[in-house]
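Given next are the chains, with one letter for each unit.
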Protein chains: 4
Amino acid sequence: MRSMRYEPARLIGQVAPLQRYLAVRAQTERLAEPLSAEDCALQSMPDASPTKWHLGHTSWFFETFVLEHALPDFSPYRAEFRVLFNSYYVGVGPRHPRHERGLLSRPSVDEVLAFRRNVDERMEELFTRHPVAAQQVANLVELGIHHEQQHQELILTDLKHLLSRNPLLPAYRKETRAARQERQSPQIGWRLFPEGIRQIGHEGRSFAFDNEQPRHRQFLAAFEISDRLVTNGEFKQFVEDGGYARAELWLSEGWDACVARKWSRPLYWRDGELFTLGGVVPLDAAEPAAHLSYYEADAYARWAGARLPTEAEWETAARDEPTSGNFLESGRLHPMPGTGQYFGDTWEWTSSAYAPYPGFRPAEGAVGEYNGKFMVNQQVLRGGSCVTPAAHIRASYRNFFPASARWQFTGMRLARDAR
Amino acid sequence: MRSMRYEPARLIGQVAPLQRYLAVRAQTERLAEPLSAEDCALQSMPDASPTKWHLGHTSWFFETFVLEHALPDFSPYRAEFRVLFNSYYVGVGPRHPRHERGLLSRPSVDEVLAFRRNVDERMEELFTRHPVAAQQVANLVELGIHHEQQHQELILTDLKHLLSRNPLLPAYRKETRAARQERQSPQIGWRLFPEGIRQIGHEGRSFAFDNEQPRHRQFLAAFEISDRLVTNGEFKQFVEDGGYARAELWLSEGWDACVARKWSRPLYWRDGELFTLGGVVPLDAAEPAAHLSYYEADAYARWAGARLPTEAEWETAARDEPTSGNFLESGRLHPMPGTGQYFGDTWEWTSSAYAPYPGFRPAEGAVGEYNGKFMVNQQVLRGGSCVTPAAHIRASYRNFFPASARWQFTGMRLARDAR
Amino acid sequence: MRSMRYEPARLIGQVAPLQRYLAVRAQTERLAEPLSAEDCALQSMPDASPTKWHLGHTSWFFETFVLEHALPDFSPYRAEFRVLFNSYYVGVGPRHPRHERGLLSRPSVDEVLAFRRNVDERMEELFTRHPVAAQQVANLVELGIHHEQQHQELILTDLKHLLSRNPLLPAYRKETRAARQERQSPQIGWRLFPEGIRQIGHEGRSFAFDNEQPRHRQFLAAFEISDRLVTNGEFKQFVEDGGYARAELWLSEGWDACVARKWSRPLYWRDGELFTLGGVVPLDAAEPAAHLSYYEADAYARWAGARLPTEAEWETAARDEPTSGNFLESGRLHPMPGTGQYFGDTWEWTSSAYAPYPGFRPAEGAVGEYNGKFMVNQQVLRGGSCVTPAAHIRASYRNFFPASARWQFTGMRLARDAR
Amino acid sequence: MRSMRYEPARLIGQVAPLQRYLAVRAQTERLAEPLSAEDCALQSMPDASPTKWHLGHTSWFFETFVLEHALPDFSPYRAEFRVLFNSYYVGVGPRHPRHERGLLSRPSVDEVLAFRRNVDERMEELFTRHPVAAQQVANLVELGIHHEQQHQELILTDLKHLLSRNPLLPAYRKETRAARQERQSPQIGWRLFPEGIRQIGHEGRSFAFDNEQPRHRQFLAAFEISDRLVTNGEFKQFVEDGGYARAELWLSEGWDACVARKWSRPLYWRDGELFTLGGVVPLDAAEPAAHLSYYEADAYARWAGARLPTEAEWETAARDEPTSGNFLESGRLHPMPGTGQYFGDTWEWTSSAYAPYPGFRPAEGAVGEYNGKFMVNQQVLRGGSCVTPAAHIRASYRNFFPASARWQFTGMRLARDAR
């Protein structure tokens, strides 16, 4: 797997890999703890998956890409799970249709948890009894860990969508948000970056996905980028200025979506209130706006006389910033008012379409389907969100969603050409 | 509620009404016993509802149409349930969208069972402490009991559909079918009925739905009707004769459905096997064919040189037959080989479109929406099925489904003009 | 073709068949005279066909069902036309898809007219040079003549729909309507028919479609039927009484259609105006309401405290009425205020689903697809309209359309149970 | 209109602008000459428009953006045309729905041609009697001329699609292609471009669209680009190698499209034959492959071990190449075998998503809707095609279509990273 140019031996040398594996696995299961079996089984739309499916799929990933290749006398835990929990890996074989993931009352969540335990036991066996084989698949173990972290985020965003479709508007966990401290959002400040050739993409031997590589040069004209995210209060002004009724502010396709889906405000906004993973709360003007589609973010930026940054501009600005922020581990599960941070709170839409970097080669084997095959009609997002695991993010990290997607914690930061 | 021309006082006099109520309610809950919370929550298609929803809706029916009108100081158990569990009664108020019944992980099945208990307690209170009020709504109690029986059937057919969409093909209950006794199906015999004016519709003071009334006269030409249902073995000959590929055998709309949905055999048929509530079993040639759409039944009849009976013909033939048969209470949950019976095993498609009888008046109030508003683009079915409660059926009973419906236990009996 | 039980020899003996043929064919072409080639080529919806297609299809009918069977050394005019102009006769072979009839700029309307002339010449040859063969297919010639008359009506209704979708709202022919004479619509009167066994269906040796046969007995309860059609003025009261917003007045499926398609008044109504084949005119309160779906007619009847007649009731009432009325030949192409007539002006929805009469047998051969295969999910209409050829109609005539259809001249007459 | 940074005075000084205007207008009408009124009126899919609509829309463009602003006492030719012929300019007012452009039998093509003449007369009046006003809108006249040239191309591609949907497969013009000279396609050669900062975008004072500007710097890694287009013969090898059945070669979204639309070869391919504007001809292996979607082009490149060029790579390679080639004026209306040319024959898909250049500002006023609002979910194409007017193209020209579009003359050239 040449195209992932990090050195697993060193990395695993630093932190005991089995311990990291087990810690991430346990974190996933903790996310499901507040949930009933029913909560875990339902699917609210084709884009979202049941929690139970996420629990199974992440285990399938280790079974299929690690255990099958590394464990002597491997046989699958249950043959049917090979199909049920395959997401989109055509190279692995058939897949249960994505939009029917919510039709599976069996296996029960308990049976899926048993599958998880079995995979964990076999992983433990691999690490303790077959260290050479474990070393050979260390890259894939690392990939599986990061894969599992991605699904931790999806468990919460998919669940949030499901709960939002319930007229009872139930909370995932009542105590999610810290005591709210109303504060003013600071004036937006702008940071200037002069023109020049910039190095973009992942560098070094630590883990990164294939799509962050290879590191390469881009020429950037001088630009300015704002020092904080756009807030609910600011976005509300856009709404009140008729932003959702003014075609001239929107991309043509965005306007079509706005009309067809009858958008009049961000997803999860209610009258003066907001649906969150902690239930319905008052809309806080100081918090970063979230759950925006690219179309809405783009229209807002145009209305505000600015634009979205390109992903290269964003990476240039964020490269030397600390990656600390409001992540999954804070337990808030909601963006917080604040300044300056490039990481956490909400993913930030960029104006860049998701495309291969010059010299990109997908990883070899079926895991090569991880990223490369989605490189059309998606926009890049940067920076992670309040439900991203902290250890998962970095400045070169490229997330991607279609321009119409609203159910992730997606927000925005403004940019503009340097005057 | 004049249009239901039975006398509840007498009927309730014969059997203690509270006991009947409680018995039917308990029967519903027994159906859910083999199910997990996950099984109860899922919805496999807009036409089908989750078990949990059926449990709640039948309780909503008593709360809304009985308790609200009869109990002093009535207040609803939970205000949201008024919307969540309203099916299609526009007169009662808003309804949670039918196709989103499977998006409700809350209330949990336990919360719904608590709602059931609460309704039962209040019903008990009504009967014991407010006998005069109870007497005044006796008709509605009776309607609610029959309504609950209908949903007992739907719980099983909807669940069967859900389980069939699961690649694991799980059984509802392994022990459903009696030991199979392969036998030959007897030759079809024909019963001749001479022409004449026939009395059609419900008569007497026992319960019947408004759509079975008023009793009225119809002139029928002489006809013959077969003495048993069409079997799997016979239907297999139709399949093997290219029945699903010969447009000339089908109604135009049926052919369009056949092509568009890629039908090539009855729902739940597999290669030489059959999916049942007891899991996958060998296809038994002697059993009645089930899960046929009207289109398939009509095409088969044409292929067989016969036709489907009209509902008046069916009722004429069945009027004096015993209503015993293979019903829900047998625990088989599957049609059985046999002869002669007009009741149980499978509903029988008739060639009659569902229409009001001469002089039909819907029941007054919101329960008037029960039947009358569906009297277009549906076909009448007669006789009950293996998942119909035995006490629910009678010769004048009119069931109705769209011609394309396949997920009920729907089969057929042949008829022909007398020579 | 046993199932058409009329005697063509006699009929043809009475009127020279070739002359009748030529007269009907010429009448079709006169309908196309006011139209440009562009008018003739467009298709406004899958249900409607371009004029050019009607011109070709009616010729295809004679070529396929008459000339091919009767003319020595037959070869088709153009092989491609066999497919292009086949409507729904699966027994004849493949068909150009219905919803793509408007994608055919070639053959041009001139080429289609040349095809018509060629068919006419060959028909003339058949009648004059092969009288014995002509006699053998006389039934099919007769069927073709009636078929062509049906398409004369469709040419005008399909064209009306097309023109209505054009923002310029062009007229088919400016001079269609006679000088309007505003008059009061007379009070509705009711005719009483006592209960009894009625003879229903076509009788005698004159032409009728297979679906009007065999003549048979039905028992009818006593009923009353109104002596004129419901008018625009009356229907306007329904609209103004909130008829389109009151779910309780509608069939469930009708209400769904009303909401989904945003119906708020009859098709072609505008504010105080009406789109007609003569262009936009003031809405005349005295004229019969037209272009109603079955759902709207049914809802109106319920609102008015009445119901629609069954087709047997209608036929009983109309049997002895004169078949004179406002037909295609009047040139008005629009319903007229008036009383008493059962024929012309608008087709009248009945509450009867389209079903086979007892003993029905479809015609043999591919023409057996003419009627029988549509006998599900359609409602019967009676009486003909202002664009029906006068010679085409009779008391036993059964027209049929889906309950949602609005683009035909479809209106209504009320009925009620006798008190 | 600052953002179009060319100098119209000079340009118009060089060539008499009225003469250029009239020449382009006449060229459009010549394209419609072989067509019947019916050919001009039909619409084969929402993406394509009737020829008649193109004739009207291009005239509407001059009337709305030039005459209305420059001509004293302006009034529109017909008020309804303001709506009928507005394509997507929200700033101008309402628009007739795009997918209903094929429902307009009126205005007739003759009436539209009369509209064209009227616009031409008023344009002539503007140039001859109001030279100062004409000078003030010279930029818009120039834009209108280029706009009309774009629609010349669309007339032919939309018409080709329409004719292809006709089972008769008629030719637009029989004599389109020169006598075919079977020849071998030369081996692909590769041109190497070293890494460096490149100037991208339009420069100078000649006309260019706003989306080609501003000229700016991009850093490009070293790359190689092939010296000719991929041919039918080469693409056939991909087909025969199972290219349309191998998911691993496709982008995920492309594979979904391939399966859902049942693609198995390029649009207009038939068994060993090709549908062209000259009718059906044998498939010529030496000709450039055309009518490929981006998905197909991308899959082919992956199969061939190469990739598509970025638009910056393409522009770098093409910048100094002659813009001569096989364009509309050749009258062939079909790609020709050949080598080396970057212009004409087929548009070339690039791997670049359509996005604003750094510093991009849309033109002011409603014409600002021309390009900018489409900058999401489209791919850039370069180089022009065999139905592009020669004078319309240049190295910086950016065409754009969705990745699924196939009905344009879209082909491909390969690229690869320099070794």
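Residues numbered from 1 in each chain as written. Chains lettered and ligands numbered in written order. Predicted model: local features only at pLDDT ≥ 70, side-chain atom pairs only at ≥ 80, totals over all residues. Heavy atoms only, no water.

1. With respect to the overall build of chain A
The helix and strand tally for chain A stands at 12 helices and 12 strands. Taking 419 residues into account, the globule formula puts the C-alpha radius of gyration at 22 Å, and chain A, at 21 Å, falls close to it. Along the three orthogonal principal directions, the C-alpha set of chain A runs to about 65 × 55 × 40 Å. Out of the 419 residues in chain A, the part that is buried amounts to 62%. Taking contacts inside chain A between residues at least 6 apart in sequence as the whole, the part at least 24 apart equals 80%. (Helix = DSSP H or I, 4+ residues; strand = E, 2+ residues; numbered from the N terminus. Rg over C-alpha atoms; globule rule 2.2 N^0.38 Å. Buried < 20%, exposed > 50% of the residue type's maximum accessible area, 1.4 Å probe, protein only. Contact = heavy atoms within 4.5 Å.)

2. Focus: the interface of chain A and chain B
In this assembly, 29 residues from chain A lie in contact with 29 residues from chain B. Taking both sides of the interface into account, the surface hidden between chain A and chain B amounts to around 2500 Å²; carbon and sulfur atoms contribute 57%. By the criterion of area lost to chain B, the three top residues of chain A are Glu38, Leu103 and Arg106 of chain A, representing 30% of everything that side buries. Scanning the region where chain A abuts chain B turns up six salt bridges. Counting the contacts that link chain A with chain B gives 12 residue pairs in polar contact (both at pLDDT 80 or more). For the side of chain A that touches chain B, the leading source of residues is helix α3 (residues 37–41) of chain A, giving four residues. For the side of chain A that touches chain B, a count of residues per class yields 14 nonpolar, seven polar and eight charged. (Buried area = accessible area lost by both parts, 1.4 Å probe. Salt bridge = Lys/Arg side-chain N within 4 Å of Asp/Glu carboxyl O. Polar contact = N/O pair within 3.5 Å; in protein donor to acceptor, adjacent residues only side chain to side chain. Nonpolar A, V, L, I, M, F, W, Y, C, P; charged D, E, K, R; others polar.)

3. Section: the domain arrangement of chain A
All names here are of chain A. When its domains are assigned, chain A resolves into domain 1 (8–164) and domain 2 (175–417). Here the C-alpha centroids of domain 1 and domain 2 sit 27 Å apart. Facing the 30 residues of domain 1 at the interface are 28 residues of domain 2. Summing both sides of the interface, domain 1 and domain 2 together bury roughly 2600 Å²; the carbon and sulfur share of this comes to 68%. The largest contributions to the domain 1 side of the interface with domain 2 come from Tyr88, Glu153 and Lys160, which together make up 27% of the buried area. Taken together, the links from domain 1 to domain 2 amount to zero salt bridges. For the pair domain 1 and domain 2, the interface holds 14 residue pairs in polar contact (both at pLDDT 80 or more). Elements supplying a minimum of two residues to the side of domain 1 that touches domain 2: α2 (17–32), α4 (51–70) and α8 (138–164). Sorting elements by how many residues they give to the side of domain 1 that touches domain 2 places α8 first, with 17 residues. Per-class residue counts for the side of domain 1 that touches domain 2 are 15 nonpolar, 10 polar and five charged. (Domains from an automatic or database assignment.)

4. What about the sheet that holds strand β10 (residues 399–401) of chain C?
Backbone hydrogen bonds are what pair the strands of a sheet, in a parallel or an antiparallel way. Read across the open sheet, the four strands follow the order β10-β9-β8-β11 (chain C); overall the sheet is mixed. Whereas interior strands pair on both sides, the edge strands pair on one side only; in this sheet they are β10 and β11 (410–411) of chain C. (Pairing = 2+ DSSP bridges.)

5. Some points on the relation of the copies chain A and chain B
Screw-axis analysis of chain A against chain B gives a translation of 0.0 Å along the axis, an RMSD of 0.0 Å, and a rotation angle of 180°. What the superposition gives is, in effect, a two-fold axis relating one chain to the other. For chain A, the smallest separation between a C-alpha atom and the rotation axis is recorded for Glu38 of chain A, amounting to 2.5 Å. Most of the interface of chain A is mirrored in chain B, where 100% of its interface residues are also at the interface. (Least-squares fit on C-alpha atoms with pLDDT ≥ 70 in both.)

6. Considering the environment of Leu277 of chain A
Tracing the chain through its elements places Leu277 of chain A in the loop between β6 (273–276) and β7 (279–282). When the C-alpha atoms of Leu277 of chain A and Ser59 of chain A are compared, they prove to be 25 Å apart, with 218 residues separating the residues in sequence.

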